[in-house]
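Observations on chain architecture
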Amino acid sequence: MANTTNKKVLEFVESRVQLCKPDKVVWITGEKEQYDALTKEALSTGEMIELNQKTLPGCLLHRTNPNDVARVEGRTFICSRKEEDCGPTNNWWEPKQAYAKLESILDGAYKGRTMYVIPFSMGPVGGPISKIGIELTDSIYVVLNMRIMTRVGNNVLEALGDSNDFVRGTHAKCQIDPEERYICQFPEDNAIISVNSGYGGNVLLGKKCFALRIASYQGKNEMWMAEHMLILGIEKPNKEIVYMCAAFPSACGKTNLAMLIPPEGYRKAGYRVFTVGDDISWIKKGPDGRLYAINPENGFFGVAPGTNSHSNYNALASTRKNTIFTNVALNPETKEVWWEGLEKDDPEKKKPAHLIDWIGRPWTPDTVDADGKPVKAAHPNSRFTAPAINCPCISPEFENGNGVPISAFIFGGRRPSTVPLVYQATSWEHGVFIGSIMGSETTAAATGQVGVVRRDPMAMRPFCGYHMGDYFQHWLDMGKSVDVDKQPKFFNVNWFRVDENGNFIWPGFGDNMRVLDWMLKRIAGEVDAVETPIGYVPNADDINIDGIEGFTKDTLKSILAIDKDAWKVEADGIKEFYKSFGDKLPKELAKQADALKDRLAK
Ligand code: OXD
Ligand code: MN
């Protein structure tokens, strides 16, 4: 039964009932008994597999269709009314045509199934930066995951009241047909439609679809920002906590940085890192004129492989209860989960001798494919959906709907050469420039072409719900709206410089704290820096390398040095990239690109 009298919500739900023709409609209330009953149902149909309830209480395993294991950028569309509002980094679909096709797919899509109505809040319910959505789905997996990733239930409908300000999300599994899979955002209609997928990133509509694609568009119109950024707080020995947001493309260690454990020397000195969020930030100007960020999510949808207690103790600890695993391997004897990288947790254990792989097939460490190549037990993009409150270092401010004041924006990518370990922008405009040119270098394994930089501005390339040129302008406008002395500082980092043998030079992980420490000192005005053509670079003496085994000051200097010739090539690459935005490229950024070239020529 509907738990609201909101006419717009009721109209939306009724129109979808007419179209999708479910056998039954169930409103998700947020009550534990309802979740327990749904879990039981999913276990009885095999949609979920129960894990060892002693060692992994409340944990479940789900396997998706092997054709449906990741986000599908090629089938993701921004359906803005005008093509020019979509921009060159997105796929555009004219909304009338998109609706016609999607409605033909949705027609009868819930026949023989139940339609679940999930009222959810991104951000603490009723918070000043939070927003509400309604997701309709025919998947219990979606209901159970949304309960972890967002705040779900009747209190969300109460907070919405009679308002029409909610995102309308429709998801239908259909036949999981990859040829008919569409993930569509309609920014002007506050609407999302996702069909023919059952995989997290495509179907948990609160995450990328709403909290980034739709929200970035809302933010542009309402003067706030939705960013693909983690939020962390660093407590200094004097107990002051400094908050930073950081954007990295996928596979650059974002979750690891968000949950960083400082090296021993720092811990003893009284430094501590708190996680506010690991993936998404919503940022708004607060009453004191500073920028405040919330994590709109309520859980972590993290990549499992590679996660162990050495690489990310806090992430692993977050998955030990009430977590849903997707496409990891199962140990049939212990009913525990396994993935590549977990063997490092306990070298004695090594790889388990017998597992069930992510597709449900028997697996041993000797299993090979038809070409004789080793087969992985867990899918490389297998995931955990873990409640944020499980995280040992979750910030006490996590539930603070007003957000935390941001002192720095960090950008970064995987760059084997050229880009130094860290540098700082000289102004907000220069910071936006640095964010706009970030990206990762491709590797031979990925594309066959080595050393090509895939630019991923602010790590938002797959997630910006409108024209990227207008998005850059919005960043510039946000800067203008904040007094200079209240603006966060901008930094760029690169943990991924390699030596002539292809080995990473910087130790990374917890040692990244040493770079964050330099930022803290720059924010507090405690250290000078070297002014270079690309921005402020640290004096080698100002980065603390005490206790890093085998790492010398000369090594540090080698990854702080600016290679002008390499940067001249970079500057040409930037100008080429900027051409794709045509006249939507803000003049200020074109000026920044020219100024970089001029400084390098001097
Ligand atoms: C994610 C991503 O899943 O950015 O968070 O790909
Ligand atoms: Mn992400």
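Residues numbered from 1 in each chain as written. Chains lettered and ligands numbered in written order. Predicted model: local features only at pLDDT ≥ 70, side-chain atom pairs only at ≥ 80, totals over all residues. Heavy atoms only, no water.

**Here's the deal with the coordination of the manganese ion (ligand 2)**
- Surrounding the manganese ion (ligand 2) are the protein donor atoms Lys208 (NZ), His228 (NE2) and Asp279 (OD), which sit 2.1 to 2.2 Å from the metal.
- Counting along the primary sequence, the residues that act as donors to the manganese ion (ligand 2) give the motif K-x19-H-x50-D. Remark: aspartate 279 occurs in the loop between strand 15 (272–277) and strand 16 (281–285) and histidine 228 occurs in the loop between strand 12 (225–227) and strand 13 (230–235); sequence separation between them is 51 residues. We note that histidine 228, like aspartate 279, is buried. (Donors = N, O, S within 2.8 Å, 3.2 Å for Na, K, Ca; no water. Helix = DSSP H or I, 4+ residues; strand = E, 2+ residues; numbered from the N terminus. Buried < 20%, exposed > 50% of the residue type's maximum accessible area, 1.4 Å probe, protein only.)

**Thoughts on the pairing of strand 10 (residues 182–186)**
- In terms of burial, strand 10 is largely enclosed, as five of its five residues are buried.
- In the sheet, strand 10 pairs with strand 11 (residues 191–195) via five bridges, with the strands oriented antiparallel. Along strand 11, the bridge assignment pairs cysteine 184 with isoleucine 193.
- What sits between strand 10 and strand 11 in their antiparallel hairpin is a turn of four residues, with asparagine 190 showing a positive phi close to 55°. (Pairing = 2+ DSSP bridges.)

**Focus on the site of ligand 1**
- The local shell around ligand 1 consists of Arg71, Lys208, His228, Ser250, Asp279, Arg383 and Phe463.
- Here an oxygen atom of ligand 1 sits 3.1 Å away from a polar atom, N or O, in the side chain of serine 250.
- Aspartate 279 places a polar side-chain atom, nitrogen or oxygen, 3.3 Å from an oxygen atom of ligand 1.
- For ligand 1, whose accessible area on its own is 210 Å², the fraction buried by protein is 86%.
- When its residues are assigned to classes, the shell around ligand 1 shows one nonpolar, two polar and four charged. (Near = heavy atom within 4 Å. Polar contact = N/O pair within 3.5 Å; in protein donor to acceptor, adjacent residues only side chain to side chain. Areas by Shrake-Rupley, 256 points an atom, 1.4 Å probe, with all protein chains shown as cover. Nonpolar A, V, L, I, M, F, W, Y, C, P; charged D, E, K, R; others polar.)

**Regarding the packing of helix 2 (residues 32–45) against helix 4 (residues 140–149)**
- Remark: helix 2 packs on helix 4, axes separated minimally by 10 Å, with the N-to-C direction vectors making an angle of 140°. Relative to helix 4, helix 2 is oriented oblique. When the axes of helix 2 and helix 4 are compared, the crossing they make is left-handed. Where helix 2 approaches helix 4, its residues Tyr35, Leu38, Thr39, Glu41 and Ala42 are matched on the opposing element by Ile140, Val143, Leu144 and Arg147.
- Along the lines of polarity and charge, the residues of the contact of helix 2 with helix 4 split into six nonpolar, one polar and two charged. (Axes fitted to C-alpha atoms, helices over the stretch in contact; angles between N-to-C directions. Parallel < 35°, antiparallel > 145°, perpendicular 65-115°, else oblique. Left-handed = near helix turned anticlockwise from the far one by under 90°. Contact = heavy atoms within 4.5 Å.)

**Considerations on the pattern of salt bridges**
- Per the stated rule, a full pass over the model turns up 30 salt bridges.
- A salt bridge links glutamate 222 to lysine 131; the shortest N-O distance between them is 3.0 Å. You can see glutamate 222 sitting in helix 7 (residues 206–222) and its partner lysine 131 sitting in strand 7 (residues 131–137), a full 91 residues away along the chain.
- Looking at glutamate 222, the relative accessible area reads 40%, which means it is partly exposed.
- The salt bridge partner of aspartate 541 is lysine 553, with a shortest N-O separation of 2.5 Å. Of this pair, aspartate 541 sits in the loop between strand 31 (535–537) and helix 15 (553–560) while lysine 553 sits in helix 15; the two residues are twelve residues apart in sequence, bridging distant segments of the chain.
- Under the relative-accessibility criterion, aspartate 541 is labelled exposed at 59%.
- Here the salt bridges share partners, and the residues they tie into one network are Lys207, Lys208, Lys254, Asp279 and Glu297. (Salt bridge = Lys/Arg side-chain N within 4 Å of Asp/Glu carboxyl O.)

**Observations concerning the domain arrangement of the protein**
- Here the domain parsing of the protein yields domain 1 (7–47 + 71–222), domain 2 (227–297 + 396–601) and domain 3 (300–390).
- Using C-alpha coordinates to define each centre, domain 1 is positioned 29 Å away from domain 3.
- Taken together, the two surfaces of domain 1 and domain 3 that pack against each other cover about 790 Å², and 68% of this comes from carbon and sulfur.
- Between domain 1 and domain 3 we count zero salt bridges in total.
- Put simply, domain 1 and domain 3 have four residue pairs in polar contact (both at pLDDT 80 or more) between them.
- Elements with a contribution of two residues or more to the side of domain 1 that touches domain 3: helix 4 and helix 6 (200–203). (Domains from an automatic or database assignment. Buried area = accessible area lost by both parts, 1.4 Å probe.)

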